[in-house]
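Topology and contacts: notes
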Amino acid sequence: MDTEIETMETEECVTNPVQKEPPRIHRLDEAVVNKIAAGEVIQRPVSAVKELLENSIDAESTSISVLVKDGGLKLIQVSDDGHGIRCEDLPILCERHTTSKLSEFEDLMSIKSMGFRGEALASMTYVGHVTVTTITKGQLHGYRATYKDGMMEHEPKACAAVKGTQIMIENLFYNMSARRKTLQNSADDYPKIVDLICRFAIHHTSVNFSCRKHGAARADVHSVAMSSRLDAIRSVYGVSVAQNLMKIEASVNDPSSSIFEMDGFISNSNYIAKKITMVLFINDRLVECGALKRAIEIVYAATLPKASKPFIYMSIKLPPEHIDVNVHPTKREVSLLNQEIIIEKIQSTIESKLRNSNESRIFHEQRVDPSPTSNSNKDPSNHPSSSGTKSQKVPVHKMVRTDSQDPAGRLHAYLQVKQCSQLQVQGSSCLASVRSSIRQRRNPRETADLSSIQELIREIDSSCHSELLDIVGNCSYIGMADDVFALLQHKTHLYLANVVNLSKELMYQQVLRRFAHFSAIQLSDPAPLPELIILALKEEDLDPEGNENDDLKEKIAEMSTELIKQKAEMLEEYFGIYIDANGNLSRLPIVLDQYTPDMDRVPELVLCLGNDVNWDDEKVCFQTIAAAIGNFYAFHPPLLPNPSGEGLQFYKKNASKTAEDVEEEIEDELFLEAENAWSQREWSIQHVLFPSMRLFLKPPISMATNGTFVKIASLEKLYKIFERC
């Protein structure tokens, strides 16, 4: 009975809850409001730096320097040489909504300055300790004032100062423990600050920018005023970026639709990066535009799949009344009138520019200094007098101890090389047949009477580097230094030679010289072009498992297949590439006898034929097709990792086993396949590539500066070092 009463009382409590009154609305304290607003404007240290940089640019500064400590949490100091701040304005400098940029709301319609709200400095004082030192033109001394919670703490003090203004923020987010802890645990904000200053530096070319960490002797960013935008990009982002950029311009002057002007630089097919870099300024304001960025990414993915992460610098100018700058607390975004029309115009301009820029890939490394070879040529000790019966003694530091006619690699004598089963089958008779074939092989002189081919061959002959030609023709092969570079000795000098670059150039020249005279490799099973192209696109995709771009890949494959089928007759007649009416690849050309290219790279070849060839200009067309075939035939490293060295980890079944169990944990079949592929490549480099280079390759002048040849040692210099020791 007691239990029933208790149950009834419980049910009564549930059905009749205590009635609570709704919470009362009250006005927040002004300090709380200001701190909340400050958290929106100054989200992290880089936000504060951006606001201060924009203030300095508005002050017509020609030099801006930034000093950062602990990612900006301990110290941010921005100094400029602008017009400074009046002493009488210092008391209200850091109050909210105090500004010199506008006075009425309508002024936003014609605003040209970076700042306009008057919130940035005030926000900084609510989340950090701010000190301002400034001097205006004509004053004998400057003034220093400190601020907290939007108010000046004491009267400005007279002090020595240099022209302009210096703003120092210390202990950022000292009163926001959660955010400070989050920033301390996250990656350092300093790289973001450096990236921000780099972006300002390439746009504001008339301003000197510098940025360094507190206590560092050298600046991480140091740009000087440049007359050229491209020079500024080269100074900030490096030569490797600047040399792969193309200028782009677009404009519309139709009052009924849109009015704008755009100029900038976009990367070409030679620029390869892991992520897109887009620097966008609209009316000189650094902003982001997600719709424009996506439109550009789509164009690159469809036009240059291998270079789908471009570098973009773009400056757009619009009438001030066509842009709304007051749409984001940090002014990171803006709203444009007729934005869709502007994006469509820019997208079509970029697409047109990319489709007309089919350029070969360029490799930039270290410059080779061929001057010592001329010294050895001038040395009379290397050329005994024909009139004398007694040969002169060659100095020991100039003595050449190798024979360039001997194909044996010198490096193997010092290594215990485990020969794979495939190479053991290749006896001396096979090697002799290869050498004999190379010696007897000559290119047919009766190439097609096409002026474009003859002109391309003349360009090869005229651009040949005579000293590199001597190195190639009279070098001794030592061995492979790594997966890409081989060691060569020429006279008393030791070189690293990029076999990928050398083989590309050799195959390119061979394609042109064998033009319309190719033997063929017959594929056992014809390969459908669409499948090959989709396979190549997936290999270039950073996220191959993603399905969001499958429709785009299929569209690219369909368009490229139709284009190649239209050109099938020409490809078969001139280049030995046979494609049937159904779009299946059946035959490939033989560019170098005794050498079969890596068939895993056929998809890349087909993709290049569909995307990288300019079919409208005969000379450029033949040049780009020859370059694509040359790249296909080049001695690229096999796709499987090298089983020697660190690559062995790839073939282990269980990485937790000890070193004694290595033999048991190796994937035998995959390991043997990789070992055969790498050994066969090295054998072909020594016995096929280098003998063919001696006969046919004419090294272009560019190879003397793009790192294909790198001199790493000289016998004369080594003897000088030994003598000092």
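Keep in mind it's a predicted model, so treat the numbers as computed, not measured.

What follows covers a negative patch on the surface. On the surface, a cluster of negative charge is made up of Glu539, Glu540, Asp600, Asp668, Glu669 and Glu673. Put simply, the parts of the chain that give the negative patch at least two residues each are α17 (529–540) and α23 (668–696). Broken down by element, the residue count for the negative patch peaks at three residues, all from α23. On the secondary structure map, Glu669 appears in helix α23.

This paragraph deals with the nonpolar core. Phe575, Leu585, Phe622, Ile625, Ile629, Phe690 and Phe709 are the most contacted members of the largest nonpolar core, which has 75 residues in total. When neighbours within four sequence positions are excluded, Leu585 is seen to be in contact with Leu523, Pro526, Ala527, Leu529, Leu532, Ile577, Tyr578, Ile579, Val602 and Val606. One finds Val241, Phe265, Tyr271 and Leu286 within the second-largest nonpolar core, a separate group that totals 56 residues.

On to the sheet that holds strand β20 (residues 519–528), then. Taken in spatial order, the three strands of this open sheet run β20-β22-β21, and their pairing is antiparallel. Among the strands making up the open sheet, the edge pair consists of β20 and β21 (578–579). By the bridge criterion, six bridges tie β20 to strand β22 (residues 584–590) in an arrangement that is antiparallel. Its bridge partner lying in β22, Pro528 is registered against Asn584.

We now examine the pattern of salt bridges. Counted by the stated rule, this structure contains 16 salt bridges. Between Glu351 and Arg355 there is a salt bridge, with the nearest N and O atoms lying 3.7 Å from each other. Placement of the pair is Glu351 and Arg355 together in helix α10 (residues 339–355), with a separation of four residues, close to one helical turn. According to the relative accessible area criterion, Arg355 is partly exposed, its value standing at 41%. In this structure, Arg587 engages Glu572 in a salt bridge whose closest nitrogen and oxygen atoms are separated by 3.4 Å. Of this pair, Arg587 sits in strand β22 while Glu572 sits in helix α19 (residues 568–575), and the two are 15 residues apart along the sequence. Given the relative accessible area of 36%, Glu572 is considered partly exposed.

Now for the packing of helix α20 (residues 602–611) against helix α21 (residues 618–633). At their nearest, the axes of α20 and α21 sit 9 Å apart, and the two run at 170° to each other. As the angle between them shows, α20 and α21 are arranged roughly antiparallel. Every residue of α21 that contacts α20 at Val602, Glu604, Leu605, Cys608 and Leu609 is listed here: Ile625, Ala628, Ile629, Asn631 and Phe632.

Looking now at the packing of helix α3 (residues 45–58) against helix α4 (residues 120–127). When two helices pack together, their arrangement is given by the angle between the helix axes and by the axis-to-axis distance. Contact geometry of α3 with α4 gives a least axis separation of 10 Å together with a crossing angle of 145°. Our pair here, α3 against α4, has a crossing hand that is left-handed. Residues Ala48, Glu51, Leu52 and Asn55 of α3 pack against Ala120, Leu121 and Met124 of α4. Along the lines of polarity and charge, the residues of the contact of α3 with α4 split into five nonpolar, one polar and one charged.

Here Thr133 lies in strand β3 (residues 129–135). At 3.0 Å, the side chain of Thr133 and the side chain of Arg144 are in polar contact. Dropping the residues within four chain positions of it, Thr133 is found in contact with Tyr143, Arg144, Cys159, Ala161, Gly164, Thr165 and Gln166.

With the exception of glycine, the majority of residues adopt a negative phi angle, and the majority of peptide bonds are in the trans configuration. Despite not being glycine, Lys491 shows a phi value in the positive range, around 55°. You will see that Ala516, though not glycine, has its phi angle at about 65°, which is positive. Mapped onto the fold, Ala516 is located in the loop between α16 (499–513) and β20.

Counting buried positions along β3 yields six of seven residues, so the element is predominantly enclosed. Relative to strand β7 (residues 164–170), β3 is paired through seven bridges, and the arrangement is antiparallel. Its bridge partner being in β7, Thr131 is matched across the sheet by Met168. As consecutive antiparallel partners, β3 and strand β4 (residues 142–148) are separated by six residues, and within that stretch Gly138 has a phi angle of approximately 90°, a positive value.

Within the chain, residue pLDDT values average 79, and 74% of them lie at 70 or more. Counting contacts from residues 438–447, a segment whose pLDDT is below 50, to residues more than four positions away or on other chains yields 25 contacts.

Inspection of the secondary structure assignment puts Gly290 in helix α9 (residues 290–303). For Gly290, a relative accessible area of 38% puts it in the partly exposed group. Separated by 43 residues in sequence, Gly290 and Glu333 place their C-alpha atoms 9.3 Å apart.

Note on aromatic pairs: each is described by the distance of the centres and the angle between the planes. Using the criterion set out here, one finds 12 aromatic pairs in the structure. Taking 5.6 Å as the distance between ring centres and 90° as the angle between the ring planes, the aromatic pair formed by Phe632 and Tyr633 counts as edge-to-face. Overall, the relative accessible area of 4% leaves Phe632 in the buried class. The side chain of Arg587 reaches across the aromatic face of Tyr578, ending 4.5 Å from its centre.

Let us look at the sheet that holds strand β23 (residues 709–714). Overall, antiparallel pairing links the four strands, which are arranged β17-β18-β19-β23 in an open sheet. Two strands bound the open sheet, and with one partner strand each, they are β17 (476–480) and β23. Here the strands of the sheet are splayed against their neighbours by 25° on average, with no regard to which way each runs. In the sheet, strand β18 (residues 485–490) pairs with strand β19 (residues 493–498) via six bridges, with the strands oriented antiparallel. Paired with Phe485 across the bridge in β19 is Asn498. Against the sheet, α16 makes contact with β17, β18, β19 and β23, and its axis sits at roughly 65° relative to β19, the strand it touches most.

Our next topic: α17. Look at α17: 17 Å from first C-alpha to last across 12 residues, which is about the 16 Å you get at 1.5 Å a residue. Within α17 the residues assigned to the buried category are Leu529, Leu532, Ile533, Ala536 and Leu537. End-on view of α17: buried residues confined to an arc of 135°, all on one side of the axis. Residues of α17 that are buried in the fold lie against β20, α18 (550–566), β21, β22 and α20.

This part covers the pairing of strand β8 (residues 208–213). Pairing of strand β1 (residues 63–69) with β8 involves six bridges; the strand directions are parallel. Its bridge partner being in β8, Ser65 is matched across the sheet by Ser210. Where β8 meets strand β9 (residues 221–223), three bridges bridge the pair, whose relative direction is antiparallel. The partner of Cys211 across the bridge, within β9, is Val221.

Basis of the calculations
- Residues numbered from 1 in each chain as written.
- Predicted model: local features only at pLDDT ≥ 70, side-chain atom pairs only at ≥ 80, totals over all residues.
- Heavy atoms only, no water.
- Patch = residues over 30% accessible without salt bridge, like charges linked within 9 Å, V, L, I, M, F, W, Y side chains within 5 Å.
- Areas by Shrake-Rupley, 256 points an atom, 1.4 Å probe, with all protein chains shown as cover.
- Salt bridge = Lys/Arg side-chain N within 4 Å of Asp/Glu carboxyl O.
- Lys, Arg positive; Asp, Glu negative; His and termini not counted.
- Charge placed at Lys NZ, Arg CZ, Asp CG, Glu CD.
- Helix = DSSP H or I, 4+ residues; strand = E, 2+ residues; numbered from the N terminus.
- Core = buried A, V, L, I, M, F, W, Y, C linked by side-chain atoms within 4.5 Å.
- Buried < 20%, exposed > 50% of the residue type's maximum accessible area, 1.4 Å probe, protein only.
- Contact = heavy atoms within 4.5 Å.
- Pairing = 2+ DSSP bridges.
- Axes fitted to C-alpha atoms, helices over the stretch in contact; angles between N-to-C directions.
- Parallel < 35°, antiparallel > 145°, perpendicular 65-115°, else oblique.
- Left-handed = near helix turned anticlockwise from the far one by under 90°.
- Nonpolar A, V, L, I, M, F, W, Y, C, P; charged D, E, K, R; others polar.
- Polar contact = N/O pair within 3.5 Å; in protein donor to acceptor, adjacent residues only side chain to side chain.
- pLDDT = per-residue confidence, 0-100.
- Phe/Tyr/Trp six-rings, centres within 6.5 Å; stacked < 30°, edge-to-face > 60°.
- Lys NZ or Arg CZ within 6 Å of the ring centre and 35° of its normal.
- Expected span 1.5 Å × (residues − 1).
- Arc of directions from axis to C-beta.

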